[in-house]
Amino acid sequence: MTKPAGPAIKATADKQRKHLRASDVRGIAQLATAATVNVSHIAEGVHQSVWGTLGMPGGKPMAGKTGPGKSTGGLTGFIYKSIRGITALIGKGADVALAALQPLLDAADEADGTPQREAVLAAINGVMGDRLAATNNPLATTMSLRFNGLALNWQAMPDKIGISETGGQKVLLLIHGLCMNDLQWQTEHDGQPVNHGDALATALGYVPVYLRYNSGKHVSENGRELAAQLAQLVDYWPQRITELTVVAHSMGGLVIRSAVHVAVAAGMDWPSRLKNIIFLGTPHHGAPLERAGHWVDNILGSTPYSAPFSRLAQLRSAGITDLRYGNVIDADWQDNGAHPNSQRPDHRQIVPLPAGVACYAIAATTAARRSALANRLLGDGLVPLHSALGEHAGPQRNLGFAKTSKWIAYRTVHMALLSSPAVLLQLIDWLAPQGMDKT
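Source: prediction; values computed, not measured. (Residues numbered from 1 in each chain as written. Predicted model: local features only at pLDDT ≥ 70, side-chain atom pairs only at ≥ 80, totals over all residues. Heavy atoms only, no water.)

## Brief notes about the overall build of the protein
Move 1: When helices and strands are counted, the protein shows 14 helices and 10 strands.
Move 2: Counting across all 439 residues of the protein, residues that qualify as buried make up 45%.
Move 3: Contacts in the protein between residues at least 24 apart in sequence constitute 77% of all its contacts with a sequence separation of at least 6.
Move 4: Working note: accessible area of the protein is about 22,200 Å², and carbon and sulfur atoms make up 61% of it. (Helix = DSSP H or I, 4+ residues; strand = E, 2+ residues; numbered from the N terminus. Buried < 20%, exposed > 50% of the residue type's maximum accessible area, 1.4 Å probe, protein only. Contact = heavy atoms within 4.5 Å. Areas by Shrake-Rupley, 256 points an atom, 1.4 Å probe, with all protein chains shown as cover.)

## Remarks on helix 5 (residues 196–204)
Quick reminder: α-helices carry 3.6 residues per turn. Residues three or four places apart thus point the same way.
Move 1: Buried within helix 5 are the following residues: H196, G197, L200 and L204. Seen from one end, helix 5 has its buried residues packed into an arc of 100 degrees, which puts them on one side.
Move 2: Taken together, the buried residues of helix 5 touch strand 3 (169–175), strand 5 (192–194), strand 6 (207–212), strand 7 (241–249), strand 8 (274–280) and helix 14 (421–431).
Move 3: The opening residue of helix 5, the one whose side-chain oxygen lies 2.8 Å from the backbone nitrogen of G197, is N195. (Arc of directions from axis to C-beta. Polar contact = N/O pair within 3.5 Å; in protein donor to acceptor, adjacent residues only side chain to side chain.)

## Observations regarding the packing of helix 5 against helix 14
Move 1: It is the contact of helix 5 with helix 14, at a shortest axis distance of 11 Å, that shows an interaxial angle of 40 degrees. Classified by the angle their axes make, helix 5 and helix 14 are oblique. As helix 5 packs across helix 14, the resulting crossing turns out to be right-handed. Residues H196, A199, L200, A203 and L204 of helix 5 pack against V423, L424, L427, I428 and L431 of helix 14.
Move 2: The residue inventory of the contact of helix 5 with helix 14, partitioned by class, reads nine nonpolar, one polar and no charged. (Axes fitted to C-alpha atoms, helices over the stretch in contact; angles between N-to-C directions. Parallel < 35°, antiparallel > 145°, perpendicular 65-115°, else oblique. Left-handed = near helix turned anticlockwise from the far one by under 90°. Nonpolar A, V, L, I, M, F, W, Y, C, P; charged D, E, K, R; others polar.)

## Re the pattern of salt bridges
Move 1: One pass over the full model with this rule turns up nine salt bridges.
Move 2: Salt-bridge contacts for R131 lead to D130; the nearest nitrogen and oxygen are separated by 3.5 Å.
Move 3: Taking the shortest distance from any N to any O, the salt bridge between D182 and R146 comes out at 3.4 Å. One end of the pair, D182, is in the loop between strand 3 and strand 4 (187–189); the other, R146, is in strand 1 (residues 144–147), and 36 residues separate them in sequence. (Salt bridge = Lys/Arg side-chain N within 4 Å of Asp/Glu carboxyl O.)

## Concerning the environment of D198
Move 1: Tracing the backbone through its elements, the reader meets D198 in helix 5.
Move 2: In this structure D198 comes out as partly exposed when scored by relative accessible area, which is 42%.
Move 3: Taking C-alpha positions, D198 is 6.9 Å from P208, a pair spaced 10 residues apart along the chain.
Move 4: Once residues lying within four places of it in the same chain are set aside, the contact partners of D198 are P208 and Y210.

## A closer look at the sheet that holds strand 6
Move 1: The sheet built from eight strands is open, its strands ordered 2-1-6-3-7-8-9-10 with mixed pairing. Each edge of the open sheet is held by one strand with a lone partner, namely strand 2 (150–151) and strand 10 (406–410).
Move 2: Sheet analysis places strand 9 (residues 358–365) next to strand 10, joined by five bridges and oriented parallel. What sits directly across from I362, in strand 10, is W407.
Move 3: Strands in contact with helix 7 (residues 251–266) are strand 3, strand 7 and strand 8; relative to strand 7, the strand with the most contacts, it is inclined by about 140 degrees. (Pairing = 2+ DSSP bridges.)

## A few points about the nonpolar core
Move 1: With 52 residues, the main nonpolar core has L145, L173, L226, W237, I256 and W270 as its most contacted residues.
Move 2: Among the elements that take part in this core, helix 7 stands out by supplying seven residues, more than any other.
Move 3: When neighbours within four sequence positions are excluded, L226 is seen to be in contact with M143, L145, L173, I175, L211, V255, I256 and A259.
Move 4: The next biggest cluster of nonpolar side chains, apart from the first, holds 24 residues, and it includes Y360, A364, L417 and I428. (Core = buried A, V, L, I, M, F, W, Y, C linked by side-chain atoms within 4.5 Å.)

## Re the side chain of H176
Move 1: The topology assignment puts H176 in the loop between strand 3 and strand 4.
Move 2: When neighbours within four sequence positions are excluded, H176 is seen to be in contact with N181, D182, W185, L211, R212, Y213, H249 and G252.

Following this line, the structure appears as C-alpha cells:
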C-alpha cells in the first residue's frame, strides 16, 4: 500500500507548482521539440562527416542539398527526416492541446511569478531569448516598465504616484543586465537587504521605476522598444515628469544608449527630461568572454568531425553576441548578415554619449589598486576596466567621461555592483543637489 505524501513532500510539491504555470509547460514543450530536432541534425552531421570521409554512400548529400543544412542521402537520410517529421507532428499536437488548456489554467495563476521563476526565465531569455521571441514561445519575456513590482498599465494608471511637492516629479529608471530581471535589484550585503532604487528614493526623493526586458534580443531592438515605452511613460505618468535619471547595470547601459540614440533621431520628447545616466559595469567596448565563446565556434568548426557540434556553441543569443564589442545600433550587427557570429574586426558606428546629459561610469575590478597590468588583464570578472570606463585607444571611440564622472570599485566583482554600499554612496554623491547634506 502506497503511503500518502507527508506534509513536507506536499509543501514542496505545492511550492514547485507555484513556480510553474500552464504557459511555462507549453513553452518547455516547444523547446523540447526544437531540441530533439536539433539533436537529430547534429547526429546526422556526425554520421555524414564520418561516412563521407570514408568514401561511403551514406555520406553523400541529397541532390540539390549543399551547405551546412544539407541532408544525408539514401535510407539514412530518410530515417533522420522521419525522426524530425514525427517529432514536429507530436510537438505541434502537444502545443495545440496546451494552447487550448492555457486560458483555463492561467486564470488561477498569480499576476506575477515568484522570484525564483522569474530568475530562471530571465536566464533562459538571456541565452536564447531571440529565438523564443522569433517562435512566439510563451517563455519569451515581454518588455515592461514596472512600479511597485507590477507592470505599468497605460490604460489604468493611478491618479497619483508618490508625493510631488514641487509640481513635478523625479523618476529614476533602473535597467538590469544580461540574464537578469528587475527583481534582482533586490539583493543583500552582509545579510542586509539592498536596493539602490529604494535607497535613492529615500535619500533623494526619486520615484523608482524598473525595466524588465528580454536580454537575448539585440541591444538595438531593446533600445528601440525602450524609447517607445519611455515616450508612453512621459505621456501617461500621473504627474509631470521634470527629471528622468537612469541607473543601468551591465548590458542595460548599452540599451539606454541605444534608446536615447533612437529617440533623438525620431524627435521624441522624453530625452529633454533626461538629466543623468549612471553606468554600472557597462561593457561600452565589449567583453572578452563573449569573444572566447566566438573562438569556440571556430575551434569546433575546424574539423569535419567536430563541426556539427558547433551548433551547441552557437546557442549564444543575439544579445550576447552584441557584447563582443558593445553594439548599440542596428548597423553594428546588420552588416554581419545571416552570420552574426562570423569573425570580423570591431566595425561599430561611432555613437557618443548623449549631449546635454550628465553621464557617469562606475567600473569594478578585483584588483586592490589600479596598475598597468591590472588595467589590461583584470576587470570585474566579466567586463574589463577600460571598457566599463568607456576608454578606448582610438580617440573617436573614447566616450570621454569626465575624470570626476568616473569611479572605480576595487576588490569588487561585476554582480557586487548591485549590492555595494560604497557604490550607493557614490550614486548619492553624484545625484544629490549641490549644498545638500550627503551624510
